[in-house]
Amino acid sequence: MSRGNTRQRIQDIALELFAERGYEKTSLREIAEQLGVTKAALYYHFRTKEDLVTSLFEDLVLGPADEVIVWAEARQPTTLETKLEILNRYSACISKATPLVRFMHENQAALRELSVGEQMKARMFTLLELIKDEDAALSDQVRCSSALFTMHSSLFALESSGAGIEEKRRAALEVARELVTSAHHGPAPRPGAETSSARHG
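Quick caveat, the model's predicted, so the values are computed rather than measured.

Q: Just give me the short version of the side chain of Thr98, but keep the residues and values in it.
A: Within the element layout of this structure, Thr98 appears in helix α6 (residues 98–106). The exposure class assigned to Thr98 is buried, which follows from its relative accessible area of 12%. Separated by 3.2 Å, the side chain of Thr98 and the backbone oxygen of Ser95 make a polar contact. Not counting the four nearest positions on each side in its chain, Thr98 is found in contact with Leu155 and Ile165.

Next up, the structure:
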């Protein structure tokens with residue numbers, strides 16, 4: 001097995017255990033045992049649990065979120081069309097990291113103690129600034145922050161609904177787009193304008 005595949009397998013197993021037991025209650029020894037490797041073999045890739053969690057965030061959320069931010073920052077001032085495309089792209093980003101999004105919500109206390117938690121919070125504030133108007137009323141700021149929260153929480157919430165992850169992602173994106181549209185007070189999108197992500201997502 002290549003180093004890259006081993007690293008990914010460690011991440012996958014760790015995320016499963018973090019989800020089952022919580023970050024604080026999962027040790028590197030338990031991760032190594034689940035993998036069937038020695039702690040020394042695990043240390044070759046990750047020296048600490050924080051290194052492991054940081055790698056998960058960098059690979060699954062932070063890097064993809066940065067791509068969305070770079071795309072959006074190149075399109076200033078932000079039109080409603082751009083704001084909706086930011087939501088489309090971010091929704092696609094986090095849908096590929098559903099277990100990690102669940103980890104974020106279920107291990108908030110641990111995340112507050114980890115540097116990666118601050119990094120994630122910084123991305124969220126940047127995205128919020130990009131989808132809200134500069135002089136937005138407080139109620140509209142709430143709408144925009146709620147749009148981001150909706151996309152996160154809906155991926156694993158509503159478990160009794162019987163809906164699949166993709167179905168919930170689409171529903172959450174629809175609500176997020178409605179919230180941001182309601183909060184936007186600049187020019188409306190061009191008639192008939194539709195983003196590529198909206199057509200295909």
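Q: Explain the domain arrangement of the protein to me, and be specific about the residues and the numbers.
A: In terms of domains, the protein is made up of domain 1 (1–47) and domain 2 (48–185). Using only C-alpha atoms to locate each centre, domain 1 and domain 2 end up separated by 27 Å. Across the boundary between the two partners, domain 1 contributes 16 residues, which contact 16 residues of domain 2. Here domain 1 and domain 2 share an interface that buries about 1,400 Å² over both sides, 68% of which is from carbon and sulfur atoms. The interface formed by domain 1 and domain 2 contains one salt bridge. Linking Arg7 and Asp59 is a salt bridge whose minimum nitrogen-to-oxygen distance equals 2.7 Å. Here domain 1 and domain 2 share eight residue pairs in polar contact (both at pLDDT 80 or more) between them.

Calculation criteria
- Residues numbered from 1 in each chain as written.
- Predicted model: local features only at pLDDT ≥ 70, side-chain atom pairs only at ≥ 80, totals over all residues.
- Heavy atoms only, no water.
- Helix = DSSP H or I, 4+ residues; strand = E, 2+ residues; numbered from the N terminus.
- Buried < 20%, exposed > 50% of the residue type's maximum accessible area, 1.4 Å probe, protein only.
- Polar contact = N/O pair within 3.5 Å; in protein donor to acceptor, adjacent residues only side chain to side chain.
- Contact = heavy atoms within 4.5 Å.
- Domains from an automatic or database assignment.
- Buried area = accessible area lost by both parts, 1.4 Å probe.
- Salt bridge = Lys/Arg side-chain N within 4 Å of Asp/Glu carboxyl O.

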